[in-house]
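# Geometric and topological summary
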There are 2 protein chains.
Amino acid sequence: MTLPIAHAPNVYLVDDDEAIRDSLSWLFQSCGITCQTYASAEDFLSAWNSERTGCVLLDIRMEGMSGPELFNLLRERGSTLPVIFLTGHGDVPMAVSALKKGAFDFVEKPCNDNELVDRVIEALKLDASQRAATSSADSVNARIAELTTRERQVMELVLAGKFNKVIADELQISMRTVEVHRANLFDKMGVKTAVELAQMLTGRR
Amino acid sequence: MTLPIAHAPNVYLVDDDEAIRDSLSWLFQSCGITCQTYASAEDFLSAWNSERTGCVLLDIRMEGMSGPELFNLLRERGSTLPVIFLTGHGDVPMAVSALKKGAFDFVEKPCNDNELVDRVIEALKLDASQRAATSSADSVNARIAELTTRERQVMELVLAGKFNKVIADELQISMRTVEVHRANLFDKMGVKTAVELAQMLTGRR
DNA sequence: CGACGTATTGGGGTTATCCACAATAGGGAA
DNA sequence: TTCCCTATTGTGGATAACCCCAATACGTCG
């Protein structure tokens, strides 16, 4: 078992069958994909934290916590890590339920090595793009968090397309004060115009 | 078979088994859901047009065109109609493939009536919300289409947060002309401020 | 040819925005 | 208590945006 590489894309293989762990682990390593293996859902959970990037290959039926249970737990904890289910004895409702809950794929063992690697690569790509999206969203949220209450209030009204005069009126403060808050929040948000602010915030919120 | 109701949400049931058509048709009608039945994919296709709202219940294995083939064809033709696959002899790869291609659900026959109705209701809701989203996007696109070339050019630069002076410079026209185009395009787009325009267009384009 | 739409520009005035300089006041941390 | 952050307001000027009135030029469609 390879040592985890921090912040590097990895495949986390969770399966209680040692033969599977060994053979798939070898498969991924031989493709240049770092792979960590876990013999149980509990083992994976104790090693997991939200910083881990990559994707999960998850057996359905295991001693202790099952694959779907682990999957649900990860989603409850806010993880968006792509999960590919692996199963030797899956049925249609199980597959449908997994995919509808957001699993990335559902593969029956034994499976074609090349296809599995392809699916893993797709999953790694998805994780990378999701993380890029979240991190840009996070930086925006961090900036919003730095605003004072007044600045946030002014921002809302600016985004509503209102004039400083109207904003001053609604907040019961002078126009000059609105101008100051406006300038400060533009500064903190890293924009120079209201249009940039709108583009930065439209969609979220 | 009930006559199609134009622009009303309907269930389109495509199955070559008359007994299924009759029983499910009765089920939906009794729940107040309009249902049209088709004995083949070809029958459905000849009746289908992109105006039809609702969802499709689609058998997998049929004489002639199969369910998945019809599904692919609909997607190719730009339909986003939610499709629920119905099958008596489905396997896991088939279910996985269907869902990953965007099927709404994949249900094995015989199925629980209440669950099926629930799934259909969810699908109808999805269709309605998708249509609402598309129609608002369409109206925006229609407005953009009404703009003259110059107006579109000016709009781009306004959305880039540039001053009229800079826009005039880049387009090699006078500031006054930019102001005119700007006012006209705001008018055509139905907005009063650049912020509203940005919110209307951010995300698309 | 004349009407219409589009693109262009100018004058001149009002309103809004942006900013620099300057100041008062209350709450919390050192 | 002093320092810092936040909120507040004022004066005054530079810049940008918004609008009314008015006009020229080009191409298309009856």
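Residues numbered from 1 in each chain as written. Chains lettered and ligands numbered in written order. Predicted model: local features only at pLDDT ≥ 70, side-chain atom pairs only at ≥ 80, totals over all residues. Heavy atoms only, no water.

### As for the overall build of chain A
Secondary structure assignment for chain A yields nine helices and five strands. Counted from the first residue to the last, chain A has its helices and strands arranged as β-α-β-α-β-α-β-α-β-α-α-α-α-α. For chain A, the C-alpha atoms occupy an extent of roughly 75 × 35 × 30 Å along the three principal directions. In chain A, of all internal contacts separated by at least 6 residues, the share reaching a separation of at least 24 is 62%. Carbon and sulfur atoms form 53% of the exposed surface of chain A, whose accessible area is close to 10,300 Å². (Helix = DSSP H or I, 4+ residues; strand = E, 2+ residues; numbered from the N terminus. Contact = heavy atoms within 4.5 Å. Areas by Shrake-Rupley, 256 points an atom, 1.4 Å probe, with all protein chains shown as cover.)

### Focus on the protein's contact with DNA strand C
With respect to spatial proximity, 16 residues lie near DNA strand C, and among them Arg176(A), Thr148(B), Arg150(B), Ser174(B) and Thr177(B) are the closest. Close to the protein, within 4 Å, the atoms of DNA strand C belong to sugar or phosphate groups at a rate of 62%. In this structure, Arg176(B) approaches DNA strand C through a side-chain N or O atom, which is 3.0 Å from a base oxygen. Thr177(B) places a side-chain nitrogen or oxygen 2.7 Å from a phosphate oxygen of DNA strand C. Every element with two or more residues in the surface near DNA strand C is listed here: helix 7 (164-171) and helix 8 (175-189) of chain A together with helix 6 (149-159) and helix 8 (175-189) of chain B. Residue composition of the surface near DNA strand C, grouped by class: four nonpolar, six polar and six charged. (Near = heavy atom within 4 Å. Polar contact = N/O pair within 3.5 Å; in protein donor to acceptor, adjacent residues only side chain to side chain. Nonpolar A, V, L, I, M, F, W, Y, C, P; charged D, E, K, R; others polar.)

### Focus on the sheet that holds strand 5 (residues 105-108) of chain B
All names here are of chain B. One open sheet accounts for five strands, arranged 2-1-3-4-5; its pairing is parallel. Edge positions in the sheet fall to strand 2 (35-38) and strand 5, since each has one partner strand and no second. In this sheet, adjacent strand axes meet at a mean angle of 20° when their direction is disregarded. As paired elements, strand 1 (residues 10-14) and strand 3 (residues 54-59) share five bridges and run parallel to each other. (Pairing = 2+ DSSP bridges. Axes fitted to C-alpha atoms, helices over the stretch in contact; angles between N-to-C directions.)

### So, the relation of the copies chain B and chain A
With an RMSD of 0.2 Å, the fit of chain B onto chain A corresponds to turning through 180° and sliding 0.1 Å along the axis. Overall, the copies show the geometry of a two-fold rotation axis. Taken as a fraction of all interface residues of chain B, those also at the interface in chain A reach 100%, which identifies the copy contact as same-surface. (Least-squares fit on C-alpha atoms with pLDDT ≥ 70 in both.)

### Observations regarding the pattern of salt bridges
Residue and element names in this part refer to chain A. This model, assessed by the stated rule, comprises 18 salt bridges over all chains. Arg 119 is paired through a salt bridge with Asp 105; the nearest N and O atoms lie 2.6 Å apart. Of this pair, Arg 119 sits in helix 5 (residues 113-146) while Asp 105 is found in strand 5 (residues 105-108), placing the two residues 14 residues apart along the sequence. Several salt bridges converge on common partners, so that one network encompasses Asp 15, Asp 59 and Lys 109. (Salt bridge = Lys/Arg side-chain N within 4 Å of Asp/Glu carboxyl O.)

### Observations regarding the nonpolar core
By size, the foremost hydrophobic cluster in this structure holds 50 residues, and its most contacted members are Phe44(A) and Phe44(B). With sequence-adjacent residues up to four places away left out, Phe44(B) is seen in contact with Tyr12(B), Val14(B), Tyr38(B), Val56(B), Leu70(B), Leu74(B) and Leu81(B). Among the nonpolar cores identified, the runner-up in size contains 43 residues, and Leu147(A), Leu159(A), Leu185(A) and Ala194(A) belong to it. (Core = buried A, V, L, I, M, F, W, Y, C linked by side-chain atoms within 4.5 Å. Buried < 20%, exposed > 50% of the residue type's maximum accessible area, 1.4 Å probe, protein only.)

### Some words on the interface of chain B and chain A
Across the contact, 22 residues belong to chain B and 22 residues belong to chain A. Summing both partners gives a buried area of about 1,800 Å² for chain B against chain A, and 67% of it is carried by carbon and sulfur. Ranking the residues of chain B by area buried against chain A places Val92(B), Lys100(B) and Val195(B) at the top, with a combined share of 29%. Close ionic contact of Asp105(B) with Lys100(A) constitutes a salt bridge, the shortest N to O distance being 2.5 Å. In this structure, the connection of chain B to chain A is made through four residue pairs in polar contact (both at pLDDT 80 or more). Within the residue set of the side of chain B that touches chain A, elements represented by two or more residues are helix 4 (92-100), strand 5, helix 6 and helix 9 (194-201) of chain B. In terms of residue count, the dominant contributor to the side of chain B that touches chain A is helix 4 of chain B (six residues). Taken together, the residues that form the side of chain B that touches chain A break down as twelve nonpolar, five polar and five charged. (Buried area = accessible area lost by both parts, 1.4 Å probe.)

### Side note on the domain arrangement of chain A
Assigned domains of chain A: these are domain 1 (10-136) and domain 2 (147-201). Computed from C-alpha coordinates alone, the two centres of domain 1 of chain A and domain 2 of chain A are separated by 45 Å. (Domains from an automatic or database assignment.)

### Description of the side chain of Ser79(A)
Residues and elements named next belong to chain A. Here Ser 79 shows up in the loop between helix 3 (67-76) and strand 4 (83-87). By relative accessible area, Ser 79 is classed as buried at 10%. Sequence-distant contacts of Ser 79, defined by excluding residues within four places in its chain, comprise Trp 48 and Leu 74.

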